[in-house]
Amino acid sequence: RNLPKPLDLLNGGPVKQYESTGGQKITRAEFGRGFRQKDNLGSGATKSGHTGLDVGMPQGTPLSIVPPGVVHFTATGDNEGYGNLVVIKLDDGRFIKLNHLSQINVAIGDRVGEGSGENGAIKVVGKVGSTGLSTGPHMHIDVGTVFDKNTYFTTGLQDPAPFVLG
């Protein structure tokens, strides 16, 4: 829900703050394996490197997103190593894929983002897990322009760091 708007000292305008039924804001210090990083783990072994961003979090940490969108796809199981996953099509047309979830809290067609939860809160999409090809509980997030339901791949990849920090 919207909380009181404190004064933004940098530009003199109000700052919108949210209370979420999910976790808390992520900082760069929590980043793990980064976008396009090459190693011998999962998608990081490919020519183009790691498809997204890993952020280490405790098992069961609730995940939510602020930008508005609609749940486009969900899947449970291994899913090419991505484990349990949720794909959200944002209103701006991009796709966000959250992988390795221990729990999925949404269904295809559900509205997510600002004001989508109970009493105007932000709806919890799922919970952090270690399903699929995973080295431990973490959030793996892909951001791209296309999602393929047959391969579980996101293409037109973009660095998720600005999205996660924003």
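Sequence order as written defines residue numbering, which begins from 1 separately in each chain. Given that this is a predicted model, residues contribute local features only at a pLDDT of at least 70 and side-chain atom pairs are listed and counted only at 80 or more, while totals for whole chains, interfaces and linings are drawn from all residues. The side-chain values count all of the structure's non-hydrogen atoms but skip hydrogen atoms and water molecules.

Visitor: So what's going on with the overall build of the chain? Residues and values would help.
Guide: Strands here mean DSSP runs of E at least two residues long; helices mean DSSP runs of H or I at least four residues long; both are numbered from the N terminus. On a plain count of helices and strands, the chain comes out with 1 helix and 11 strands. Listing each helix as α and each strand as β along the chain from the N terminus yields β-β-β-β-β-β-β-β-β-β-β-α. With a 1.4 Å probe rolled over the protein chains alone, any residue whose accessible area is under 20% of its type maximum counts as buried; one over 50% counts as exposed, and the rest are partly exposed. In the chain, buried positions account for 41% of the 166 residues. Two residues qualify as a contact provided that any one of their heavy atoms is within 4.5 Å of a heavy atom in the partner residue. For the chain, the share of sequence-separated contacts (at least 6 apart) that also reach a separation of at least 24 residues comes to 55%. Of the roughly 8,500 Å² of accessible surface on the chain, a fraction of 52% belongs to carbon and sulfur atoms. Each accessible area is a Shrake-Rupley estimate made with a 1.4 Å probe; only the visible protein chains count as cover when residues are assessed.

Visitor: Let's hear about unusual backbone geometry: which residues, and what values?
Guide: In the Ramachandran plot, His100 falls in the positive-phi region, its phi being about 65 degrees despite a non-glycine side chain. As for its position among the elements, His100 is in the loop between strand 5 (95-99) and strand 6 (103-104). What makes His100 buried here is its relative accessible area of 4%.

Visitor: How would you sum up the sheet that holds strand 4 (residues 85-90)? Please name residues and give values.
Guide: The rule for pairing is simple: two strands pair if DSSP sees at least two bridges between them. Read from one edge to the other, the open sheet built from 6 strands follows the order 1-9-5-4-3-7, with strand pairing classed as antiparallel. Across the chains shown, the open sheet's two edge strands, defined by having one partner strand only, are strand 1 (53-56) and strand 7 (111-112). Across 6 bridges, strand 3 (residues 69-75) lies against strand 4 in antiparallel orientation. Each residue of the ladder has a partner; that of Thr74, found in strand 4, is Val86.

Visitor: Tell me about the pairing of strand 9 (residues 138-144), and name the residues and values.
Guide: In terms of residue burial, strand 9 counts as a mostly covered element, since 7 of its 7 residues are buried. Two strands pair when backbone bridges link them, and strand 5 and strand 9 are joined in this way by 5 bridges, in the antiparallel orientation. Bridge pairing in strand 9 places Asn99 opposite His140.

Visitor: Tell me about the nonpolar core, and please be specific about residues and values.
Guide: Generally speaking, soluble globular proteins have nonpolar side chains that are buried together. What makes a nonpolar core is a set of buried Ala, Val, Leu, Ile, Met, Phe, Trp, Tyr and Cys residues whose side-chain atoms join them at distances within 4.5 Å. Ile88, Ile96 and Ile141 are the most contacted members of the largest nonpolar core, which totals 20 residues. Judged by nonpolar contacts, the second largest core, of 8 residues, contains Ala75, Leu85, Val87 and Tyr152.

Visitor: Which residues make up the sheet that holds strand 2 (residues 62-63), and what values go with them?
Guide: The antiparallel open sheet is built from 3 strands, whose spatial order is 2-8-6. Across the chains shown, the open sheet's two edge strands, defined by having one partner strand only, are strand 2 and strand 6. The pairing of strand 6 with strand 8 (residues 126-127) spans 2 bridges and is classified as antiparallel. Pairing of Gln103 across the sheet is with Lys127, part of strand 8.

Visitor: Provide a residue-level description of the side chain of Asn79, including the pertinent values.
Guide: As for its placement among the helices and strands, Asn79 is situated in the loop between strand 3 and strand 4. Counting of polar contacts relies on pairs of N or O atoms within 3.5 Å, with two restrictions inside protein: one atom must be capable of donating a hydrogen and the other of accepting it, and residues adjacent in sequence are counted only when both atoms are side-chain atoms. Only 3.0 Å separates the side chain of Asn79 from the backbone oxygen of Gly83, close enough to count as a polar contact. Excluding residues within four positions of it along the chain, Asn79 makes contact with Asn84, Leu85 and Tyr152.

Visitor: How would you sum up the packing of aromatic side chains? Please name residues and give values.
Guide: Paired rings are identified among Phe, Tyr and Trp, the last through its six-membered ring, by centres lying within 6.5 Å, and are further divided according to the angle between planes into stacked (under 30 degrees), edge-to-face (over 60) and tilted (the rest). Taken as a whole, this structure holds 3 aromatic pairs when the rule is applied. Seen from their ring centres, Phe73 and Tyr152 are 6.1 Å apart, and the 45 degrees between their planes marks the pair as tilted. Pair noted here: Phe73 is in strand 3 and Tyr152 is in the loop between strand 10 (146-147) and strand 11 (154-155), with a separation of 79 residues, a long-range link. Each member of the pair, Phe73 as well as Tyr152, carries the same accessibility label: buried.

Note that all results are geometric; they support no functional claim without further evidence.
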